[in-house]
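Structural overview
Here is what each chain is made of, one letter per residue.
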Amino acid sequence: MTIRVVFMGSPDFALSSLRLLAQHYQVVGVVTQPDRASGRGRELKAPPVKTLAQELNIPVIQPEKVRQPEAMQQLQDWNPDLIVVAAFGQILKKDVLELPKYGCINVHASLLPRWRGAAPINASVLAGDEETGVTIMKMDVGLDTGPMLAMKRIRIKPDDTAGSLFEALATLGADLLIETLPAYMDGKLSPQPQPEEGATYAPMLKKEDGLLDFNQPAVDLDRRIRAMNPWPGAWFEWEGAPFKIHKAHMGQGKAEAGKRLVEQNQPAVGTGSGILILDEVQPPGKKPMNGKSFLAGARNWLD
C-alpha cells in the first residue's frame, strides 16, 4: 500500500525530515510559510522548505493560515494518509489533525514535556540543560502536548550553541522519524501520554532576548550568548549602538558589573559574578572579528 504524505515545515530544521521522507514515501504536497521580506533590501525570501520542495518537484502551498478555505480544500484534494510536521510555525486545528487516517506526526526538538513551544533548542542552552534531544509525537489540539511515539537524547557540550544543536537535532529527528513511522502505521507502536510533571514552555524569541545584562553572573551570560547564536544574537549597547558578541568564555577574577577590561589580550566585561572574555565580536557596522583584532583598532574600549 502506498502511503500518501503531506509535509508541513518552514526553516532549515525541517529540511532533513522532508528529504528523508521523500526518499521513503510518496510526499504528495508541502505546506510552508509565505515568502517573507528579509535583509536590508527587504526582498522577499522563500522558506528553505519551499526551495527544497521545488527541487524535489513536490507541489507547495503557502497559506498565512492553514485553516483558510483554499488551503483546507487543497489538503483535502491531496487526500493524505499522514501529515508530518517539523517546525512549521502554525497551530493546527482539529479539522486538520483529524483529516489523515494516521493523524499528524510532529518532529519536536526537545525531550518532551520539557520545552514545549517555538524555541526549545535555545531554551535548553539558556537553562544550562545537560542534555536535549528529539521527540516524535502524535499531535493533538494543545501546544506540543500530544502523546509520544519515540525519543532520542544527546548531550549538550559546554561549547554548543543553538546553531550547532539545531544541525545535530535536525539530522537526529529525521532519522528517528523514518525509524518510527513503519511500526506506528503498522499498529505496532502506540502513542504514550506525556508525563504531567516537568512540563516547561519555550516561547518564540525576540531580538530583545539577546540583550546582555552584566549584573547577571558570567556563567549565565555565556549561556545566553550560546543560546542566541545565530539568532537573534547576543548584544549590548556601546557608543549608542548594538555591539554583538558571537562567542565568549568565563575568565577568572572579578570586576564591577559592566566595566570594560582587557584580559588575556582580549576585550572583557565585568559581570555580577566573574569576568566575561569576548572571543568573537561584531562592532556596529563591521563584520565579525576575533577579540584581539577588535582591540587593535578600538582605542576607546577602556575609556
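See above for the structure.
Below: a short report on this structure. All values reported here derive from a predicted model rather than from experimental measurement.

**Quick notes on the nonpolar core**
Membership of the largest hydrophobic core comes to 46 residues, with the highest contact counts inside it found for Phe7, Leu18, Leu21 and Leu82. A per-element tally of this core places helix H6 (residues 162-185) first, with twelve residues. With residues up to four places along the chain from it excluded, the contact list for Leu82 reads Arg4, Val5, Val6, Pro100, Tyr102, Gly103, Ile105, Leu181, Tyr184 and Met185. Formed by 21 residues, the second largest nonpolar core is a distinct cluster that contains Val28, Leu75, Ile83 and Leu112.

**Considerations on the layout of surface pockets**
Computed from the structure, the largest pocket encloses a volume of approximately 1700 Å³. In terms of lining residues, the largest pocket is bounded by 46 residues, among which Pro11, Ala87, Gly89, Ala118 and Met204 are the most central. Those elements that place two or more of their residues in the lining of the largest pocket are strand S3 (36-38), strand S7 (104-108), helix H5 (120-126) and H6. For the lining of the largest pocket, the element with the most residues is H6, which contributes four residues. Split into classes, the residues belonging to the lining of the largest pocket amount to 29 nonpolar, eleven polar and six charged. Its boundaries defined by the atoms lining it, the second largest pocket holds a volume of some 280 Å³. Together, 20 residues line the second largest pocket, and Lys207, Pro232, Lys244, His246 and Gln282 are the ones closest to its centre. When contributions to the lining of the second largest pocket are tallied by element, the ones reaching two or more residues are strand S12 (234-238) and strand S13 (241-251).

**Examining the sheet that holds strand S2 (residues 26-31)**
Working definition: the strands of a sheet are paired by backbone hydrogen bonds and lie parallel or antiparallel to each other. Strand order in the open sheet made by the seven strands is S5-S2-S1-S6-S7-S9-S10, with mixed pairing throughout. Where the open sheet ends on each side, the last strands, each with one partner, are strand S5 (60-61) and strand S10 (148-155). Inspection of the sheet shows strand S9 (residues 131-138) paired to S10 by seven bridges, in the antiparallel sense. In the strand pairing of S10, Ile136 is matched with Ala150.

**Quick notes on the packing of helix H1 (residues 15-24) against H6**
Their axes nearest at 8 Å, the elements H1 and H6 cross at an angle of 30 degrees. One element, H1, and the other, H6, form an angle in the roughly parallel class. Like other packed secondary-structure pairs, H1 and H6 cross with a definite hand, here right-handed. For the pair formed by H1 and H6, the contact residues are Ser16, Ser17, Leu20, Leu21 and His24 on the first element and Ala170, Thr171, Gly173, Ala174, Asp175, Leu177, Ile178 and Leu181 on the second. Residues of the contact of H1 with H6, tallied by class, amount to seven nonpolar, five polar and one charged.

**Concerning the pattern of salt bridges**
Using the criterion set out here, one finds ten salt bridges in the structure. Arg223 is the salt-bridge partner of Asp220, the closest N and O atoms lying 3.5 Å from each other. In this pair, Asp220 and Arg223 both sit in helix H7 (residues 218-227), three residues apart, roughly one turn of the helix. Here Asp220 falls in the partly exposed class, since its relative accessible area comes to 28%.

**Observations regarding the packing of H1 against helix H2 (residues 48-55)**
Look at H1 against H2: their axes get within 10 Å of each other, and the N-to-C directions meet at 20 degrees. By the criterion of interaxial angle, the relationship of H1 to H2 is roughly parallel. In this structure, H1 crosses over H2, and the sense of that crossing is right-handed. Taking contact as the criterion, the partners of Leu15, Leu18 and Arg19 in H1 are, on H2, Pro48, Val49, Leu52 and Ala53. A per-class count over the contact of H1 with H2 returns six nonpolar, no polar and one charged.

**Focus on the environment of Lys244**
Following the sequence through the fold, Lys244 ends up in strand S13. Note: C-alpha distance between Lys244 and Pro284 (40 residues apart in sequence) is 7.7 Å. Setting aside chain neighbours within four positions, we find Lys244 in contact with Ala234, Trp235, Val281 and Gln282.

**A few points about the side chain of Thr271**
Looking at where Thr271 falls in the secondary structure, it is placed in the loop between strand S15 (266-270) and strand S16 (275-282). Classification of Thr271 by relative accessible area gives buried; the value is 3%. From its side chain, Thr271 meets the backbone nitrogen of Ala218 in a polar contact 3.2 Å long. Polar contacts involving the side chain of Thr271 include one to the main-chain carbonyl oxygen of Ser273, which spans 3.0 Å. When near neighbours in sequence (up to four residues on either side) are disregarded, Thr271 contacts Phe214, Gln216, Pro217, Ala218, Leu221, Ala255, Glu256, Ala257 and Leu276.

**Things to note about unusual backbone geometry**
Excluding glycine, a negative phi dihedral is what most residues carry, and trans is how most peptide bonds are arranged. Here the residue pair Asn229 and Pro230 is connected by a cis peptide bond, since its omega of 15 degrees sits within 30 degrees of zero. Relative to the assigned elements, Pro230 resides in the loop between H7 and S12. A cis geometry characterises the amide bond from Trp231 onward to Pro232, with omega recorded as 5 degrees. The phi dihedral of Asn57 is positive, around 60 degrees, even though this residue is not glycine. Considering the arrangement of structural elements, one finds Asn57 in the loop between H2 and S5. A relative accessible area of 70% means that Asn57 is categorised as exposed.

How each quantity is defined
Each chain has its residues counted from 1, following the order in which its sequence is written. Confidence filtering applies because this is a predicted model: local features only for residues at pLDDT of at least 70, side-chain atom pairs given and counted only at 80 or more, and all residues used for totals across whole chains, interfaces and linings. The side-chain quantities take in all heavy atoms of the structure and omit both hydrogens and water. Nonpolar cores are built from buried Ala, Val, Leu, Ile, Met, Phe, Trp, Tyr and Cys residues. Side-chain atoms within 4.5 Å join them into one set. Relative accessibility decides the category of a residue: with a 1.4 Å probe and only protein chains considered, values under 20% of the type maximum give buried, values over 50% give exposed, and everything between is partly exposed. For helices the rule is a DSSP run of H or I covering at least 4 residues; for strands it is a run of E covering at least 2, with both sets numbered from the N terminus onward. Note on contacts: a residue pair is in contact if any heavy atoms of the two residues lie within 4.5 Å. Points on a 1 Å grid over protein atoms alone make up a cavity when a 1.4 Å probe fits among them but cannot get out, and a pocket when they form an open set with protein on both sides within 12 Å along at least five of seven lines; lining residues each have an atom within 4 Å of a point. Grid points are joined across faces, edges and corners, and a volume is the space filled by probe spheres set on the points. For this classification, Asp, Glu, Lys and Arg are treated as charged, while Ala, Val, Leu, Ile, Met, Phe, Trp, Tyr, Cys and Pro are nonpolar and the rest, including Gly, are polar. One bridge is not enough; two strands pair if DSSP finds at least two bridges between them. Here an axis means a line fitted to C-alpha atoms, over the contact stretch when the element is a helix, while the angle between two N-to-C directions is reported on a 0 to 180 degree scale. In this scheme, roughly parallel covers angles under 35 degrees and roughly antiparallel covers those over 145, while 65 to 115 is roughly perpendicular and the rest are oblique. Take the far helix as your reference; a near helix turned counterclockwise from it by less than a right angle gives a left-handed crossing, and one turned clockwise gives a right-handed crossing. By convention in these notes, a salt bridge is any Lys or Arg side-chain nitrogen within 4 Å of a carboxyl oxygen on Asp or Glu. Here a polar contact is taken to be a pair of N or O atoms separated by no more than 3.5 Å, where protein atoms must pair a possible hydrogen donor with a possible acceptor and residues adjacent in sequence count only if both atoms sit in side chains.

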